[in-house]
Amino acid sequence: RWNHITFIDPDLLAPFKTLKVLNLVKNSLTEFPDLTLVASTLYWLYLDANLIREIKYEYVDPLTNIDAISLKWNKLTSFPAFGRAATKMRSLWFSDQNLGAIGPANFSNFTKLYYLRITRAGLVAFPDLGQVRYTLKELELWSNRISTIDHELLLNFHALQVLGLKDNLLTEFPDVSP
């Protein structure tokens, strides 16, 4: 079953002073909600299966204690800037989007990201994750259109335990030996 919530009035969240988890999966939200009034306590945010096309920086930046955001099955066409929300975030899930390409600038504020899943997102190249390579434990990039991987992009994944690349267009795995 699906709800049909299309908008959340930010003032309606004011009474929830200790809200830690907000699950708005399977709704009809067309934009990332303004969660400023619960931003300091919100720890997990699930917005899967909505119609979100854009994430406004001023709505996501205040989420300074967020640990995980799941945005699977939305309508995003670009990777958003997470600002201060990225500094404590450990898990980020994107699936079934049309992102095309992402680069190191998209990950510049992430300092503790452990789990990154960007699946069925239309990626045409293995992303340059910049400094995130040092903290990632799990990187799932399956069901994209990645055909080659620059060996330089695979260096310095010191903590990586899971690398998921199934269902791409790869014909070989690059040599990353010293």
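Nothing here was measured: the structure is a model prediction, and the numbers come from that model.

1. Overview of the side chain of Asn168
Part 1 of the reasoning: Residue placement: Asn168 occurs in the segment after β7 (162-164).
Part 2 of the reasoning: You can call Asn168 buried: its relative accessible area is 16%.
Part 3 of the reasoning: A distance of 3.0 Å separates a polar side-chain atom of Asn168 from the backbone oxygen of Leu141.
Part 4 of the reasoning: Within the structure, Asn168 has its side chain in polar contact with the backbone nitrogen of Asn144 (distance 3.2 Å).
Part 5 of the reasoning: Discounting chain neighbours no more than four positions away, the residues touching Asn168 are Leu141, Trp142, Ser143, Asn144, Arg145 and Ile146.

2. A closer look at the nonpolar core
Part 1 of the reasoning: Membership of the largest hydrophobic core comes to 50 residues, with the highest contact counts inside it found for Leu45, Leu63, Leu71, Phe82, Leu92, Phe107 and Ile118.
Part 2 of the reasoning: Of all the secondary structure elements, the ones that give two or more residues to this core are α1 (57-60), β4 (91-95) and β5 (115-119).
Part 3 of the reasoning: Setting aside its immediate chain neighbours within four residues, Ile118 contacts Phe79, Phe94, Leu99, Ile102, Phe107, Leu123, Glu140, Leu141, Trp142 and Asn144.

3. Concerning the packing of aromatic side chains
Part 1 of the reasoning: On inspection of all chains with the given rule, the structure shows 7 aromatic pairs.
Part 2 of the reasoning: Taken together, a centroid distance of 5.4 Å and an interplanar angle of 45 degrees make the contact between Tyr43 and Trp44 tilted.
Part 3 of the reasoning: Owing to a relative accessible area of 33%, Trp44 belongs among the partly exposed residues under this scheme.
Part 4 of the reasoning: Pairing Phe107 with Phe110 gives two aromatic rings, centres 5.7 Å apart and planes at 50 degrees, and the pair type is tilted.
Part 5 of the reasoning: Taking the relative accessible area as the measure of exposure, Phe107 reaches 0% and is therefore buried.
Part 6 of the reasoning: Three or more aromatic residues link up through ring pairs in this structure, and these residues are Phe79, Phe82, Phe94, Phe107 and Phe110.
Part 7 of the reasoning: Positioned over the ring face of Tyr114 is Lys137, at 4.7 Å from the centre of the ring.
Part 8 of the reasoning: Positioned above the aromatic ring of Trp142 is the side chain of Lys166, whose terminal nitrogen or guanidinium carbon lies 5.0 Å from the ring centre.

Rules used in this analysis
Residues numbered from 1 in each chain as written. Predicted model: local features only at pLDDT ≥ 70, side-chain atom pairs only at ≥ 80, totals over all residues. Heavy atoms only, no water. Helix = DSSP H or I, 4+ residues; strand = E, 2+ residues; numbered from the N terminus. Buried < 20%, exposed > 50% of the residue type's maximum accessible area, 1.4 Å probe, protein only. Polar contact = N/O pair within 3.5 Å; in protein donor to acceptor, adjacent residues only side chain to side chain. Contact = heavy atoms within 4.5 Å. Core = buried A, V, L, I, M, F, W, Y, C linked by side-chain atoms within 4.5 Å. Phe/Tyr/Trp six-rings, centres within 6.5 Å; stacked < 30°, edge-to-face > 60°. Lys NZ or Arg CZ within 6 Å of the ring centre and 35° of its normal.

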